Structures are given as structure tokens and as C-alpha cells.
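Architecture at a glance
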Amino acid sequence: MLRCGIRGCRLKVVEGPTHGRKTGDGVNLGYGSLKAAAPAKVQNAPRLNGSSLRIRVFTLLALLDSLCIVASYFTASLIYKPAGTGNQWLAIALAILPVFLVIAINCKAYSAEVLRRPTKGTLRGLQALTVAAGAVIMAAFFLKSSEMISRLTYCIGFMISFAVMALVRDIFLRKAARLFGNDPFAVALICDGDQTIPQDG
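Residues numbered from 1 in each chain as written. Predicted model: local features only at pLDDT ≥ 70, side-chain atom pairs only at ≥ 80, totals over all residues. Heavy atoms only, no water.

Here's the deal with the nonpolar core
If you look at the biggest cluster of nonpolar residues, it comprises 32 residues, and the most contacted ones within it are I69, Y73, I96, F100 and Y154. Contributions of two or more residues to this core are made by α1 (50–79), α2 (88–106), α3 (112–116), α4 (118–142) and α5 (151–180). Here this core gets eight residues from one element, more than from any other, and that element is α1. (Core = buried A, V, L, I, M, F, W, Y, C linked by side-chain atoms within 4.5 Å. Buried < 20%, exposed > 50% of the residue type's maximum accessible area, 1.4 Å probe, protein only. Helix = DSSP H or I, 4+ residues; strand = E, 2+ residues; numbered from the N terminus.)

Comments concerning α4
Between its first and last C-alpha, α4 extends 36 Å over 25 residues, near the 36 Å set by a 1.5 Å rise per residue. What α4 keeps buried is the set P118, G121, T122, R124, G125, L126, A128, L129, A132, A133, V136 and A140. (Expected span 1.5 Å × (residues − 1).)

A short note on a nonpolar patch on the surface
A cluster of nonpolar side chains, contributed by I79, Y80 and L152, occupies part of the molecular surface with about 290 Å² of accessible area. Inspection of the secondary structure puts L152 in helix α5. For L152, a relative accessible area of 44% corresponds to the partly exposed category. (Patch = residues over 30% accessible without salt bridge, like charges linked within 9 Å, V, L, I, M, F, W, Y side chains within 5 Å. Areas by Shrake-Rupley, 256 points an atom, 1.4 Å probe, with all protein chains shown as cover. Salt bridge = Lys/Arg side-chain N within 4 Å of Asp/Glu carboxyl O.)

A short note on unusual backbone geometry
A negative phi holds for most residues other than glycine; trans holds for most peptide bonds. With phi around 65°, K108 is a residue other than glycine that occupies positive phi space. Position of K108 among the secondary structure elements: in the loop between α2 and α3. Under the relative-accessibility criterion, K108 is labelled exposed at 51%.

A word on the packing of α2 against α4
Running from N to C, α2 and α4 point in directions that differ by 135°, and their axes come no closer than 8 Å. The orientation of α2 relative to α4 falls into the category oblique. Two packed elements cross with a definite hand, and for α2 against α4 that hand is right-handed. Facing A95, I96, V99, F100, I103 and A104 of α2, the residues of α4 in contact are G125, A128, L129, V131, A132, A133, A135 and V136. Residues of the contact of α2 with α4, tallied by class, amount to 13 nonpolar, one polar and no charged. (Axes fitted to C-alpha atoms, helices over the stretch in contact; angles between N-to-C directions. Parallel < 35°, antiparallel > 145°, perpendicular 65-115°, else oblique. Left-handed = near helix turned anticlockwise from the far one by under 90°. Contact = heavy atoms within 4.5 Å. Nonpolar A, V, L, I, M, F, W, Y, C, P; charged D, E, K, R; others polar.)

Points about α2
Helix length check: α2, at 19 residues, gives a terminal C-alpha distance of 28 Å against a target of 27 Å (1.5 Å per residue), a fit within 8%. Among the residues making up α2, those that are buried are Q88, W89, I92, A93, I96, L97, F100 and A104.

Brief notes about the pattern of salt bridges
Pairs may arise between side chains of opposite charge once their charged atoms sit close together. The tally for this structure, following the rule as stated, stands at five salt bridges. The salt bridge partner of D65 is R169, with a shortest N-O separation of 2.9 Å. You can see D65 sitting in helix α1 and its partner R169 sitting in helix α5, a full 104 residues away along the chain. Residue R169 is classed as buried on the basis of its relative accessible area, which comes to 1%. Each of E113, R117, K120 and R124 takes part in salt bridges that share partners, so that together they form one network.

Notes on the packing of aromatic side chains
Summed over the entire model, instances satisfying the criterion amount to four aromatic pairs. Where F141 meets F142, the ring centres are 5.6 Å apart and the plane angle is 75°; that geometry is what we call edge-to-face. The same class applies to F141 and to F142, which are both exposed. (Phe/Tyr/Trp six-rings, centres within 6.5 Å; stacked < 30°, edge-to-face > 60°.)

So, the side chain of S161
Within the element layout of this structure, S161 appears in helix α5. Look at S161 and you get buried, because its relative accessible area is 0%. The residues contacting S161, other than those within four sequence positions of it, are C68, I69, S72, Y73 and L129.

Below is the structure:
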């Protein structure tokens, strides 16, 4: 008896030659066949395949990161807004955002590993944010436009976004599987005999 680790499905080995006969409820192996028993429990909730689930998780994670950056600089403008700066906070956020996304993708902040190791995923996101903020201010300095940017607003926005992103990423990556009602990976576990299947993965 072989047992599949997905939804308690069991595969029964039927001994004896099949001589090319088709088995209606199993897989013909030439010698013996595998028969799938009914799953122990079937949930009514729809299940997504691993690829679709990962795309959905990473898309939502990227949206949350973007929202953290934009909302943080908006909050910074409420805390400190020099006269005549207008919507400078939005210009800063929109300048950092594409750089952050490129760096985050390059440093694998949206990879399968971050779902298995939430702490590393959080650190990679913060690393990308730090590099992006540094790159934007350096570009503004070399383009001689740094004097047009409120340094205090820039620093306050960065500190807020750093703290908020750390919190949001950590919570989201730890709760991703529960939020989507499925694990982001499709794993089949085959056990020999009546061996106990671990439920914690």
C-alpha cells in the first residue's frame, strides 16, 4: 500500500501481471497496477495549482511593498512639509518605487525561498528599499537636484517605510498559506505501508 500525502489519498498496489489490460481505477504498470483510493477528506474550497498561487502571492506582496512606500512618504509629508514643496512626497515615492522593484526582483525578494523563510524575505525587502533610497538620493546629487528635495521629508519617509515594510512583510509571509487557503507548493509524499504521514510538512 502506498499513500499519497495530498489530501490523504492512498495508492494501492495490486499484485499480478496485467498483460496490457486497462484498469478503470488505477494505473497499469505492466506488472501490477496502482489503484487510487478515495481521499480521506475532501474540502469544498477551490484549490489553486502551485504556479498560480505563487503568482498571486508575489503580486500581492509587490502591491503591499508599493503601498508601504507611498503611504510612508505621504505620512512624512503630514509630519513635515516645508512651504512651497507641494506634492514633493509623491515625486519622491514614485522615484524610489521602480528602483525598489527592480532591485527587489534582482535580489530575489519575490522568490520561492522567501515563502519558506519569512525572515530572509523580510530582510531582502528591506535591503532592496535601502539600496533604492540610496540610489535615488545619489542620482539627485549628481544631477544637482538634491537641493530641491527636502532632506528631512526624505529621511522621515524612509524610516517610516523601513519600519512599516518590515512589519507588513513579516506578517504577510508568515500568514501567506493561511490567507490563500493552500500551500504555495504542490508536494506529493509517498509512504510505504501504513507509515504515518506528517501533517506539518
